[in-house]
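Structure at a glance
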Protein chains: 4
Amino acid sequence: MIRTIVVGATGYAGSELTRLLIGHPEVEIVALTSRSEAGKPLASLLPQFSGAPLPELTTFDPKSVRADLVFLATENGYAMTVAQDILSQGARIVDLSADFRLHTANDYKDWYGLDHAAPDLLEEAAYGLPELADRSMLSKARIIANPGCYPTASALALALMVRAGLAKPQTLLIDAKSGVSGAGRARIEVDYLFTELTESFKAYGVQKHRHTIEIEQSLGVEALRFTPHLVPMKRGILATCYARPSKSATADELHALYKEAYANEPFVQVRPLGQFPTTREVAHTNRCDIGVWADERAEWLIAISATDNLIKGAAGQAVQNMNLMFGLPETTGLPIVAPV
Amino acid sequence: MIRTIVVGATGYAGSELTRLLIGHPEVEIVALTSRSEAGKPLASLLPQFSGAPLPELTTFDPKSVRADLVFLATENGYAMTVAQDILSQGARIVDLSADFRLHTANDYKDWYGLDHAAPDLLEEAAYGLPELADRSMLSKARIIANPGCYPTASALALALMVRAGLAKPQTLLIDAKSGVSGAGRARIEVDYLFTELTESFKAYGVQKHRHTIEIEQSLGVEALRFTPHLVPMKRGILATCYARPSKSATADELHALYKEAYANEPFVQVRPLGQFPTTREVAHTNRCDIGVWADERAEWLIAISATDNLIKGAAGQAVQNMNLMFGLPETTGLPIVAPV
Amino acid sequence: MIRTIVVGATGYAGSELTRLLIGHPEVEIVALTSRSEAGKPLASLLPQFSGAPLPELTTFDPKSVRADLVFLATENGYAMTVAQDILSQGARIVDLSADFRLHTANDYKDWYGLDHAAPDLLEEAAYGLPELADRSMLSKARIIANPGCYPTASALALALMVRAGLAKPQTLLIDAKSGVSGAGRARIEVDYLFTELTESFKAYGVQKHRHTIEIEQSLGVEALRFTPHLVPMKRGILATCYARPSKSATADELHALYKEAYANEPFVQVRPLGQFPTTREVAHTNRCDIGVWADERAEWLIAISATDNLIKGAAGQAVQNMNLMFGLPETTGLPIVAPV
Amino acid sequence: MIRTIVVGATGYAGSELTRLLIGHPEVEIVALTSRSEAGKPLASLLPQFSGAPLPELTTFDPKSVRADLVFLATENGYAMTVAQDILSQGARIVDLSADFRLHTANDYKDWYGLDHAAPDLLEEAAYGLPELADRSMLSKARIIANPGCYPTASALALALMVRAGLAKPQTLLIDAKSGVSGAGRARIEVDYLFTELTESFKAYGVQKHRHTIEIEQSLGVEALRFTPHLVPMKRGILATCYARPSKSATADELHALYKEAYANEPFVQVRPLGQFPTTREVAHTNRCDIGVWADERAEWLIAISATDNLIKGAAGQAVQNMNLMFGLPETTGLPIVAPV
């Protein structure tokens, strides 16, 4: 059994992760922690956990870690301050925050406005998008940076056409849409009230959004356009991704490329040509479904991906990375079929 | 492994059932059937099943059943025409329709408008609400009538106060609210279009609703008031149940009664006194959570229950019944913790 | 032109009121006030007002009121501290808060927990539910207490059967459901976040809710049962109201009573027998639609009413009261037809 | 008073139009027609019209038109068969279908698959997007083609940058999102059921969508990329529009261009630089709000527009066109302020 700690168990990602770990056959949850709610049962805050045998919430002490793996589901800026302590006690880390996602402390400073507290680990950390990574690196990693929700959906949609040289790298455009849970449970602001968001749709972060640099890094391109939007639903991301073709490619060719490359990926389903995924069809699963098209008339390549932002975009991918780190089948404990 | 057939796999209940069976460690799905879609992969109709290894949809032939258990997730009026054939081949049945729920063919005729095709089996069939039933009967049953969604939530809320003699039986009033999936996937009418239902709430079946008689039968009372409503959400039932007290009882006493009686039920969580469940907190699980209160000022006993209409109200309870029939732990393959 | 001031223009009720007043042909808005946002244009906070010519937000000074009518769309406890000052300058008041709704300072203390600051005015204030009130009193009133949202829908549904002696007064039960805007724009709490409420339904205030006493007072009964619920939609109330019959009455008789009594009320539509309103069908209007039924089997009278909580339940009724106070046709400036 | 007929009054656009006309001070509704529901009161089908004095539904007879103006809110392919008859009796036409939107019968054939029945009128018809049209032409037109919902939002967003030569015409990309009412009330298919759409988001028409050609024609460009999406909400369109800059332009310059050009348009609000509209803020109004930005890093010009698809995208714009045709102030009877 893998002994795990979830730091930040009361947030949306943290509680989804806790739920998945409860159902995981090879995991023991040795501690659930929360800065503000220590001493309470998780179920007293989140009644969806009623009846599940879980340890009480405690305060996380990075100096005293008795676990094989620590999941950090905390706000940006925290993981980098505790990672060294955790590692030095022999535990490994999957960090769901952004702290270890960017390659350089400079980029972190530019996009997150913080001096990085552990630049050495930044170098060591592996970026945990298994379908696009060298999995052997992830297996050995002491610390895995779990990708952001938008970057996961965007990179899985665009990477193949970029790598194959079909897309002009300087023309990438991602028009992405997310359910509201992406904002997190701590974002208690008037803008996130039910009444403000239901029956409404909007763009946000139009001028600058932090996931832009992460997607660029993941795809190895320089400056792409990324516009996120907020959908009046709880969970799900749809990334509508565009690129100008660098050479003529038909929809069939594009589709064949994706179909083949992802053929053995249990979590990526490429839809039949002419079909495109909805977020409902992957909700509550660790899947990323993709549909592709080539608009030969207006000269655009198009890839549309759908994920659940809390699962493949956060907690599920964290479990997938854990499975890799500990030599388990990658699908262990992860749902593949979406509910109605 | 229990070899199972799902008849009616493309409806909401049938597809939820199929999803649960895929994740069940002791089940093999030997056939999925659909009257109208035979010959297609389920995933071609319901892409949420993409990537799941499943048999193609076939037509159900009641004369040729090679399975231990047949789930009938079909419209009312069908199960009664095939049950005898299925049983005579040694397979057992969990019927998710209403065909075997009522005690008498007369009642079936009165409330469903159909002559019952198998009145003998009507007598034999066990009503599969495990928490309120004699479980040993369910274990041995050849045919289990899986309860309706409203009756499940209503009976679990009211049975204890009725059985304890705390509630006046002739005063029971159930004001119930359901998500739209309760209408089923075959109800393709203007009234069920998204635009007609979002941002709206209404009562329906005010004059007469078929679940009234089933709840009365389940509670052993004569004439209760039942008013269902439609909530602009996909899944979930909240049953707000009222009864006049037959003797004075405090909220504490009522709460103690429920807390104790359901103490060992893994799927029933009685909330702390003064707390009441939301449908979100039990969504996607086989749970029924209950909160109780005694309004001593206006003289009412109140019990509020929440379930997922597709799980505890249909597919999940069907699996629970299967577990009982085949001697498995009742919780096998059934989720307990609700997602965010 | 009636010169009006809206105090508390940035809340949901205040901004709906402002919107209605902009479209009202006999009204001039001389001031919009906000405690916290004075000095800003309303449109800078609420872009839905972009392009509408409006005065900048100011601080309300109760000592210097140059208007014919002051609408107080403020939190409970404020109106009673400024009403005397406003009146003494010759302006009249429509108060959308609860401060002047209850008959006695004792009740106010019991249910709102505050000592009433203007008990004399409490006696003077007229309760502004025109369809059930003596309209000549409202016409002359210096101060009108605008009813609460639940009490409006509940009283319009139940009053006729109570007044006619058809309902046993001690058996009234109101199971009410409201859209989330009823909580107000200032309720910035985790429980009101979009992600917490969408796809969920719950009861609240089960143990005690302040509107209970207001409905009792409005109906002239002693202790009724009132259970409010929260619907995942923005606006709308459905009140499902029950009473035991005090003498036998058929559905036809009940329907005839309602049909006749409300025949000349432009804002109350009694539905044909057997039909019941949805909240969508009255959204954005000042209407209250009602359907009635007699369940002779279980012995209940039923009246189901639908309103828009922000219009007939707040801002629209305030305008209706203003129309009465200033001798205008009651429907002036008030929408009757609901959008799709 | 303008005597008007609404043909197709029971659809979403037709009923919104009827509602607006009821509130319009210069309009008399002389007939409401419906192919399938003739003989019934509109309120019997759409209870939101209860209490509004309206003529009963009749069958439309194009040979006998006693009106000044006929609104055709019918399916594509019908208007072209009756337009000549209507005009020849001296009535004018606002056609809400696509029949008279395209310049040539060839384009109509290519994108709608129908031979055009009135190619001469196709030439005569004026395209009624007032803010971008020569209004004097609209004033005199006998027949106005009311623009599509997506084309309205898209053209208002992109036209200025295209006309000013700031955008490279061959790079236009429109990623548009619509509420579900855009599909119409006659689209009674499983894909439009509430349960299928709530909590889900998807693209559709990815391979080809009819509005593409209409937008191209409206902007005077050749081949643009247009991808529509379906948002789980009832009404509203957000068009996120992109173009490569043809010369360097800052966000300030782009913003100044829009601010100035639309300064006197009552229905177009250009948001302050850095702010972008939500669909909620224009819902139920005839407004189109626009925010612009220049992404100098990735080299894209961006304009984001929000409309209500049923108002500015259909019924409201039809009334605006009527106002122009009959010499009324353009804003008569049209709401400017959106509700909460």
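Please refer to the structure placed before this passage.
The following paragraphs examine the structure supplied in this document. (Residues numbered from 1 in each chain as written. Chains lettered and ligands numbered in written order. Predicted model: local features only at pLDDT ≥ 70, side-chain atom pairs only at ≥ 80, totals over all residues. Heavy atoms only, no water.)

**Considerations on unusual backbone geometry**
Just so we agree on the cut-off: Runs of H or I in DSSP of at least four residues are treated as helices and runs of E of at least two as strands, each being numbered from the N terminus. Using a 1.4 Å probe on the protein chains alone, a residue whose accessible area is under 20% of its type maximum counts as buried, one over 50% counts as exposed, and one in between counts as partly exposed.
Residue glutamate 199 of chain A is not a glycine yet carries a positive backbone phi of 55 degrees. Of note, glutamate 299 of chain B is a non-glycine position whose phi angle comes to about 65 degrees, a positive value. Tracing the backbone shows glutamate 299 of chain B in the loop between strand S13 (288-295) and strand S14 (300-307). Owing to a relative accessible area of 47%, glutamate 299 of chain B belongs among the partly exposed residues under this scheme.

**Here we look at the relation of the copies chain C and chain D**
Put simply, the test is: Here the copies are matched by least squares. The fit uses the C-alpha atoms of residues with pLDDT of at least 70 in both. Throughout, a contact is declared for two residues whenever any of their heavy atoms are within 4.5 Å.
With an RMSD of 0.0 Å, the fit of chain C onto chain D corresponds to turning through 180 degrees and sliding 0.0 Å along the axis. Interpreted geometrically, this transformation is the action of a two-fold axis. Looking at the rotation axis and the C-alpha trace of chain C, the residue lying nearest is glutamate 199 of chain C, at 4.0 Å. Comparing interface residues between copies, 100% of those in chain C also sit at the interface in chain D, which points to an isologous, same-surface contact.

**Observations concerning the pattern of salt bridges**
Residue and element names in this part refer to chain B. Our working rule: Whenever a carboxyl oxygen of Asp or Glu lies within 4 Å of a side-chain nitrogen of Lys or Arg, that contact is scored as a salt bridge.
Under the criterion given, the structure shown has 88 salt bridges over all chains. Close ionic contact of glutamate 131 with lysine 312 constitutes a salt bridge, the shortest N to O distance being 2.9 Å. Of this pair, glutamate 131 sits in the loop between strand S6 (126-127) and helix H6 (135-140) while lysine 312 is found in helix H11 (residues 311-325), placing the two residues 181 residues apart along the sequence. Residue glutamate 131 is classed as buried on the basis of its relative accessible area of 9%.

**Some remarks on the relation of the copies chain A and chain D**
Relative to chain D, chain A is turned by 180 degrees and slid 0.0 Å along the rotation axis, the superposed coordinates differing by an RMSD of 0.0 Å. Interface overlap between copies: 100% of the residues of chain A at the interface are likewise at the interface in chain D, consistent with a symmetric, same-surface contact.

**Notes on the interface of chain A and chain D**
One widely used convention gives an interface's size as the accessible area the parts lose upon coming together. Inclusion rule: Take the accessible area each of two parts loses on contact, using a 1.4 Å probe, and add the two losses: that sum is the buried area. Counted as a polar contact is a pair of N or O atoms within 3.5 Å, where, for protein atoms, one must be capable of donating a hydrogen and the other of accepting one, and residues adjacent in sequence contribute only when both atoms are in side chains. Gly counts as polar in this scheme, as do all residues outside two lists: the nonpolar Ala, Val, Leu, Ile, Met, Phe, Trp, Tyr, Cys and Pro, and the charged Asp, Glu, Lys and Arg.
At the junction of the two partners, chain A supplies 47 residues and chain D supplies 47 residues. Taken together, both faces of the contact between chain A and chain D bury some 3,900 Å²; the carbon and sulfur share is 58%. Considering only the side of chain A, the residues that lose the most area to chain D are Glu199, Phe201 and Arg297 of chain A, jointly responsible for 17% of the buried surface there. Here chain A and chain D share eight salt bridges between them. The residue arginine 280 of chain A makes a salt bridge to glutamate 196 of chain D at a minimum N-O spacing of 3.2 Å. Here chain A is connected to chain D by 24 residue pairs in polar contact (both at pLDDT 80 or more). Residue assignment for the side of chain A that touches chain D shows that the elements contributing at least two residues are strand S8 (173-178), helix H8 (194-197), strand S9 (202-203), helix H9 (211-219), strand S10 (225-230), strand S11 (237-243), strand S13 (288-295) and strand S14 (300-307) of chain A. Considered class by class, the residues forming the side of chain A that touches chain D number 21 nonpolar, 12 polar and 14 charged.

**Structural notes on the nonpolar core**
As a reminder, the rule being used: We define the nonpolar core as a collection of buried residues of types Ala, Val, Leu, Ile, Met, Phe, Trp, Tyr and Cys that are connected through side-chain atoms lying within 4.5 Å of one another.
In terms of nonpolar packing, the biggest core is built from 115 residues, with Met161 and Tyr258 of chain B together with Met161 and Tyr258 of chain C touching the most fellow members. Core analysis: the second largest hydrophobic core is formed by 114 residues, Leu224, Ile237 and Val282 of chain A together with Leu219 of chain D among them.

**Examining the interface of chain C and chain D**
Contacts between the two partners involve 28 residues from chain C, matched on the other side by 28 residues from chain D. Taken together, both faces of the contact between chain C and chain D bury some 2,300 Å²; the carbon and sulfur share is 60%. When the buried surface of chain C facing chain D is broken down by residue, Gln48, Val337 and Val340 of chain C rank first, second and third, together holding 32% of it. In this assembly, chain C and chain D are joined by zero salt bridges. Between chain C and chain D we count 13 residue pairs in polar contact (both at pLDDT 80 or more) in total. The greatest single-element share of the side of chain C that touches chain D, amounting to five residues, is contributed by helix H1 (residues 12-22) of chain C. Partitioned by chemical class, the residues of the side of chain C that touches chain D number 11 nonpolar, seven polar and 10 charged.

**A short note on the sheet that holds strand S2 (residues 27-33) of chain C**
All names here are of chain C. The test is simple: Between any two strands, at least two bridges found by DSSP are needed for them to pair. Throughout, an axis means a line fitted to C-alpha atoms (over the contacting stretch in the case of helices), and angles, computed between N-to-C directions, take values from 0 to 180 degrees.
Strand order in this open sheet of seven strands is S3-S2-S1-S4-S5-S7-S6, and the pairing throughout is parallel. Each end of this open sheet is capped by a strand with a single partner; those strands are strand S3 (57-58) and strand S6 (126-127). Note: S6 against strand S7 (residues 143-145), two bridges, orientation parallel. Bridge pairing in S7 links alanine 126 to isoleucine 144. Against the sheet, helix H11 (residues 311-325) engages strand S1 (2-7), S2, strand S4 (69-72), strand S5 (92-95) and S7, with an angle of about 155 degrees to S5.

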